[in-house]
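These are the residues of each chain, in order.
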Amino acid sequence: MGGEPSKSRKLNNGIVAAVCLAFFTGMVGMAYAAVPLYKMFCQVTGYGGTTQRAEKQYAGRVLDHDITIRFDANTNGIPWQFEPVARSVTIKIGETTQAHYSATNKFDRPITGRASFNVQPEMAGAYFNKVECFCFTDTTLKPGETLDMPVVFYVDPEIVNVPELKDLKTITLSYTMFPVEKKQPVASSAPAAGSSKKVPDSEASLGG
């Protein structure tokens with residue numbers, strides 16, 4: 001009889017240990033998932049000035065309503081010349097438009113970069129739809145190499161139904177280019193230094 005309480009206590013201790021282990025594993029998993037889940041949340045909602053990922057290439061309608069899109073470019077720790085080809089464009093709301101950025105590696109060795117982005121005002125991010133974009137894509141440039149980086153987008157006509165945005169005249173699309181350290185050399189078929197290339201990435205396949 002004396003052995004029964006001991007077995008019961010061992011069983012209870014085992015259950016508690018299993019529950020604690022499952023809780024700890026779940027917390028670790030949530031920590032690793034937090035960044036991609038937050039990125040997905042931003043892309044779906046436009047929170048924090050994150051643009052929407054367009055599932056279709058065109059808006060259902062084009063309004064007789066002009067809006068100016070300004071383009072901004074910044075670098076953070078990467079020796080590239082990175083800038084928009086044109087500083088702004090005025091379009092109709094709902095009109096699909098293509099703009100271009102240019103990046104040139106000014107360093108004496110290949111450098112890999114990756115761009116993040118945001119939209120100002122932040123509330124407009126939910127209505128700024130990117131069809132093609134180079135964001136969140138690792139791009140390697142040889143010394144002196146120049147890359148044409150297109151972005152295709154439209155402004156959702158639903159923006160005029162938002163009281164805070166219905167009179168909005170300007171949206172700023174801003175990119176910041178960061179360096180990406182490669183642990184191992186990656187074979188590249190990029191053209192020789194001083195040449196240029198164009199890589200139109202589909203945002204639907206990139207998730208950016």
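For the structure, see preceding data.
Summarised in this report is the structure supplied together with it. Here the structure is a predicted model, which means the values were calculated and not measured.

**Regarding the side chain of Thr-112**
Turning to step 1, where the next piece is worked out: Tracing the sequence through the fold places Thr-112 in strand β6 (residues 111-120).
Turning to step 2, where the next piece is worked out: There is a polar contact of 2.6 Å between the side chain of Thr-112 and the side chain of Thr-140.

**Let's talk about the state of the cysteines**
Here a disulfide denotes one covalent bond, and it connects the sulfur atoms of two cysteines.
Turning to step 1, where the next piece is worked out: Counted according to the given criterion, the structure contains 1 disulfide.
Turning to step 2, where the next piece is worked out: At a sulfur-sulfur separation of 2.4 Å, the disulfide partner of Cys-133 is Cys-135.
Turning to step 3, where the next piece is worked out: Here Cys-133 falls in the buried class, since its relative accessible area comes to 1%.

**Focus: the pairing of strand β5 (residues 97-105)**
Turning to step 1, where the next piece is worked out: Counting buried residues in β5 gives 7 out of 9 residues, a clear majority hidden from the surface.
Turning to step 2, where the next piece is worked out: The pairing of β5 with strand β9 (residues 146-155) spans 8 bridges and is antiparallel. Across the sheet, the residue bridging to Thr-104 is Thr-146, located in β9.

**Some thoughts on unusual backbone geometry**
The phi torsion of most residues other than glycine is negative, and most of the peptide bonds are trans.
Turning to step 1, where the next piece is worked out: The omega angle of the peptide bond from Gln-120 to Pro-121 is -5°, so this bond is cis rather than trans.
Turning to step 2, where the next piece is worked out: Among the secondary structure elements, Pro-121 is positioned in the loop between β6 and β7 (128-132).

**Regarding the nonpolar core**
Turning to step 1, where the next piece is worked out: Formed by 36 residues in total, the largest nonpolar core has its most connected members in Ile-69, Phe-82, Tyr-101, Ile-171 and Tyr-175.
Turning to step 2, where the next piece is worked out: Of all the elements in the fold, those that place two or more residues in this core are β2 (66-75), β3 (80-84), β5, β6, β9 and β10 (170-179).
Turning to step 3, where the next piece is worked out: Looking at this core element by element, the count peaks at 5 residues for β9.

**Examining the sheet that holds strand β4 (residues 88-92)**
Pairing between the strands of a sheet comes from backbone hydrogen bonds, and it takes one of two forms, parallel or antiparallel.
Turning to step 1, where the next piece is worked out: Judged by pairing direction, the sheet is mixed, and its 5 strands sit side by side in the order β4-β2-β10-β6-β8 without closing on themselves. For this open sheet the edge positions go to β4 and β8 (139-141), each flanked by a neighbour on one side alone. Averaged over all pairs of adjacent strands, the angle between strand axes in this sheet comes to 30°, irrespective of strand direction.
Turning to step 2, where the next piece is worked out: Summarising the sheet, β6 and β10 pair through 8 bridges and their orientation is antiparallel. Across the sheet, residue Phe-117 finds its bridge partner in β10, namely Tyr-175.

**A look at the packing of aromatic side chains**
Turning to step 1, where the next piece is worked out: The tally for this structure, following the rule as stated, stands at 10 aromatic pairs.
Turning to step 2, where the next piece is worked out: Each member of the aromatic cluster is reached from another via a ring pair, and the members are Phe-71, Phe-82, Tyr-101, Phe-117, Phe-128, Phe-134, Phe-136, Phe-153 and Tyr-175.
Turning to step 3, where the next piece is worked out: Note that Lys-130 overlies the ring of Phe-117, its terminal NZ or CZ placed 4.2 Å from the centroid.

**Some points on the pattern of salt bridges**
Should the charged atoms of two oppositely charged side chains come close, the side chains can pair.
Turning to step 1, where the next piece is worked out: Applying the stated criterion across every chain yields a total of 4 salt bridges.
Turning to step 2, where the next piece is worked out: Between Arg-61 and Glu-158 there is a salt bridge; the shortest N-O distance is 3.3 Å. With Arg-61 in the loop between β1 (52-53) and β2 and Glu-158 in the loop between β9 and β10, the pair connects residues that are 97 residues apart, well separated along the chain.
Turning to step 3, where the next piece is worked out: Residue classification places Arg-61 among the partly exposed residues on the basis of a relative accessible area of 39%.
Turning to step 4, where the next piece is worked out: Of the charged contacts, one joins Asp-66 and Lys-92 as a salt bridge, the two residues approaching to 2.9 Å between their closest N and O atoms. Separated by 26 residues along the polypeptide, Asp-66 in strand β2 and Lys-92 in strand β4 bring together distant segments of the chain.
Turning to step 5, where the next piece is worked out: Of the residues examined, Lys-92 reaches a relative accessible area of 27% and is grouped as partly exposed.

**Some remarks on the environment of Asp-156**
Turning to step 1, where the next piece is worked out: Within the secondary structure, Asp-156 is located in the loop between β9 and β10.
Turning to step 2, where the next piece is worked out: Linking Asp-156 and Gly-60, residues 96 residues apart in sequence, is a C-alpha distance of 8.8 Å.
Turning to step 3, where the next piece is worked out: Excluding residues within four positions of it along the chain, Asp-156 makes contact with Ile-93, Tyr-127 and Asn-129.
Turning to step 4, where the next piece is worked out: At 2.9 Å, the side chain of Asp-156 and the backbone nitrogen of Glu-158 are in polar contact.

What counts as what
Residues numbered from 1 in each chain as written. Predicted model: local features only at pLDDT ≥ 70, side-chain atom pairs only at ≥ 80, totals over all residues. Heavy atoms only, no water. Helix = DSSP H or I, 4+ residues; strand = E, 2+ residues; numbered from the N terminus. Polar contact = N/O pair within 3.5 Å; in protein donor to acceptor, adjacent residues only side chain to side chain. Disulfide = S-S within 2.5 Å. Buried < 20%, exposed > 50% of the residue type's maximum accessible area, 1.4 Å probe, protein only. Pairing = 2+ DSSP bridges. Core = buried A, V, L, I, M, F, W, Y, C linked by side-chain atoms within 4.5 Å. Axes fitted to C-alpha atoms, helices over the stretch in contact; angles between N-to-C directions. Phe/Tyr/Trp six-rings, centres within 6.5 Å; stacked < 30°, edge-to-face > 60°. Lys NZ or Arg CZ within 6 Å of the ring centre and 35° of its normal. Salt bridge = Lys/Arg side-chain N within 4 Å of Asp/Glu carboxyl O. Contact = heavy atoms within 4.5 Å.

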